[in-house]
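Chain and residue survey
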Amino acid sequence: MILRDAQVLDGTGERFEDATLQFDPESGRVDAVGDADPRGDEPAYDLGGKTVVPGLVDAHVHFSLSGEASVDEVASMSDAELALVEARNARTTLEAGVTGVRAMGARDLDVLVRDRIERGDIAGPRTVANCRSITITGGHGHHLGREVDGPTECRKAVREQVKRGAQFIKFMATGGVTTPGTDPDAPAFTDAEMDALVDEAHRRGVHVATHAHGARGARAAIRAGVDTVEHGTFLDEATVDLLVAEDVTLVPTLSAPYNIVANADHATDESLRKTDDVYERHIESFRRAVEAGVDVAGGTDAGTPFNYHGANATEVSFMAEYAMAPMDAIVAMTGRSAEVIGLADAGTLEPGSHADFLVLDEDPLDDVAALGDPRTVVKGGEVVAGDEFGPGGVGERGE
Ligand SMILES: [Zn+2]
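Note that the structure is a prediction, hence the values are computed from the model and not measured. (Residues numbered from 1 in each chain as written. Predicted model: local features only at pLDDT ≥ 70, side-chain atom pairs only at ≥ 80, totals over all residues. Heavy atoms only, no water.)

Observations regarding the overall build of the protein chain
From N to C terminus, the protein chain includes 12 helices and 18 strands. For a compact globule of 399 residues, the expected C-alpha radius of gyration is about 21 Å, and the protein chain comes in at 21 Å, within 12% of that figure. The principal-axis extent of the C-alpha atoms belonging to the protein chain is close to 65 × 45 × 40 Å. Among the 399 residues that make up the protein chain, the fraction classed as buried is 59%. Long-range contacts, defined as pairs at least 24 residues apart, comprise 68% of the intrachain contacts of the protein chain with a sequence gap of at least 6. Summed over all atoms, the accessible surface of the protein chain reaches about 15300 Å², with 43% contributed by carbon and sulfur. The positive charge centre, built from 35 side chains, and the negative charge centre, built from 72, are 8 Å apart in the protein chain. (Helix = DSSP H or I, 4+ residues; strand = E, 2+ residues; numbered from the N terminus. Rg over C-alpha atoms; globule rule 2.2 N^0.38 Å. Buried < 20%, exposed > 50% of the residue type's maximum accessible area, 1.4 Å probe, protein only. Contact = heavy atoms within 4.5 Å. Areas by Shrake-Rupley, 256 points an atom, 1.4 Å probe, with all protein chains shown as cover. Lys, Arg positive; Asp, Glu negative; His and termini not counted. Charge placed at Lys NZ, Arg CZ, Asp CG, Glu CD.)

Okay, here's the thing in C-alpha cells:
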C-alpha cells in the first residue's frame, strides 16, 4: 500500500516533505519512505499533506494499574482479574496510538499479556515485558514486587524473573511516591546488592531499569551499571554528569507527578505531600539533564494515580514544553525509546521496520499535542483504530 503527499517523520529525526510511505499489509513491514515504486495494482492513497509518524513507544507503563488514587484495590485483585484489567489497558494504549511499550511488571502477568498480544489473542502494543520489580523488604512497590535482602537473594530474584520470561530487570533504588512508608529521597539497596542485581541481569542478557527519585540512589545505581534511570526526580549536577559519562538513558516520566498535583483533591495525603514537594524539582532535574546532553527516552508511568492509559502522548508535550525541541521530543518517544528498551524494528519508519504508524491531521512540529489525537493508528500494516484508508476515511484513492 502506498500513502502519498504526506509529511513523514521517520522517528530518527528526519523529516520528508511531500513524501510517500510504502508498506506491505501482508508482511506488516515498511518497504520505502520518501519515494516509492508501486507494485502492479498496489492501492495508493493521497493524504493531502497530513503527517505520518511512527506509533509512539512508551518506555514506562504499568498495565496492572489504572490510575487509581491508591494501589490497595489492585493489590487485593486475583491474578485472573488483574489479567483482564491488563488486557483492557493494553488495548486502550494501542488504540490511542502507542504501538510499543515497556511494561514495568506486576506479579508475573505482563509477560503473559505480551505473549498473548504477539499471538493475536488480545489487542495491544508490541510489549517488552518484565515480571516483578525487585525491591528491598518493605520497599517501594513491594505489594506487587519481589522482596529481597542481600546480594545472594538479588541474584536469585534476577534468575527467577529471567526464567519466567522477563526481558529486563527493574529494581527500586529508592523509595517511592505511591508506597506508604518509603522515602523517595533515600537509597534502598546497598551497593553490594545493586552490583549483584546488575551483574546478574547483564550475565543473563537482559537490560536493567532502576526506579530512582533521590540523587544518591540514582548515582549508586548508575555506578552499579544500570541501563536506564526511571523518574530521576532529584538529579543534581554530579548525577547528571554521571548519566552522561556512563551513557545511561533517563526516562523522566513527567506525566506522573503532574497528574498527582493536578488531582490534588483526590490524591491520598501521603502521595500528595510527597509529590508537591518534588514536582518543581523534577522539572528542574529534567531540564538540567537535557541541557547536559543526557540521553532521554519518553515514558509516562501510565497507570499511576490519575495518569491514565491512552493519554501517553501528553508526555511528549511535557518534554517539549520543559526542555526539548518538538522533533527531539518526538524522537525520544518513538525511535529512541524503542532502541533503548530493545524493541527491534520498531519506533522508526525505514525500509524493513514494522509498519506501525499514525496519521495526524495536524502537524506535530507545530504542536506535539497532535500526537494525542491520531486520525488513524496502524500496527503491523493493519488499521487498529481510527479511520480506514479510502472513501469515507482518510486519504483519496489515487492512481
Ligand atoms: Zn513506574
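More follows now that the structure is in view.
Some remarks on the coordination of the zinc ion
In an ideal octahedron of six donors the angles at the metal are 90 or 180 degrees, and in an ideal tetrahedron of four donors they are 109.5 degrees. Around the zinc ion, the donor atoms from the protein are His60 (NE2), His62 (NE2) and Asp301 (OD), and they sit 2.1 Å away. In primary sequence terms, the donor set of the zinc ion follows H-x1-H-x238-D. When its relative accessible area of 0% is taken as the criterion, histidine 60 is described as buried. On the basis of relative accessible area, histidine 62 is assigned to the buried category, the value being 10%. (Donors = N, O, S within 2.8 Å, 3.2 Å for Na, K, Ca; no water.)

Some thoughts on the nonpolar core
Soluble globular proteins: nonpolar side chains tend toward being buried together. Among the nonpolar cores identified, the biggest contains 35 residues, and Phe63, Phe286, Val316, Met319, Tyr322, Met324 and Leu371 are the most heavily contacted of them. Listed by contribution, the elements that provide at least two residues to this core are β6 (56-61), β7 (98-103), α3 (109-119), α9 (269-292), α10 (314-322), α11 (326-332) and β15 (357-360). Looking at this core, the element that brings in the most residues is α11, giving five residues. Both domains that meet at this core, namely domain 1 (2-54 + 347-397) and domain 2 (56-341), each give it at least three residues. Dropping the residues within four chain positions of it, valine 316 is found in contact with Leu56, Ala329, Ile330, Met333, Val368 and Leu371. Val162, Ile169, Ala173 and Ile222 belong to the second-largest nonpolar core, a separate cluster that totals 33 residues. (Core = buried A, V, L, I, M, F, W, Y, C linked by side-chain atoms within 4.5 Å. Domains from an automatic or database assignment.)

A short note on the side chain of threonine 93
Its location among the elements puts threonine 93 in helix α2 (residues 79-95). With relative accessibility at 0%, the residue threonine 93 sits in the buried group. Setting aside chain neighbours within four positions, we find threonine 93 in contact with Phe63, Val98, Val101, Pro125, His309, Gly310 and Asn312.

Some remarks on the packing of α2 against α3
Contact geometry for α2 and α3: axes closest at 10 Å, N-to-C directions at 50°. Taken together, the axes of α2 and α3 are oblique relative to one another. Classified by chirality, the crossing of α3 by α2 is right-handed. Seen from α2, the contacting residues are Asp79, Leu82, Ala83, Glu86 and Ala90; seen from α3, they are Leu109, Asp110, Val113 and Ile117. For the contact of α2 with α3, the per-class residue count stands at six nonpolar, no polar and three charged. (Axes fitted to C-alpha atoms, helices over the stretch in contact; angles between N-to-C directions. Parallel < 35°, antiparallel > 145°, perpendicular 65-115°, else oblique. Left-handed = near helix turned anticlockwise from the far one by under 90°. Nonpolar A, V, L, I, M, F, W, Y, C, P; charged D, E, K, R; others polar.)

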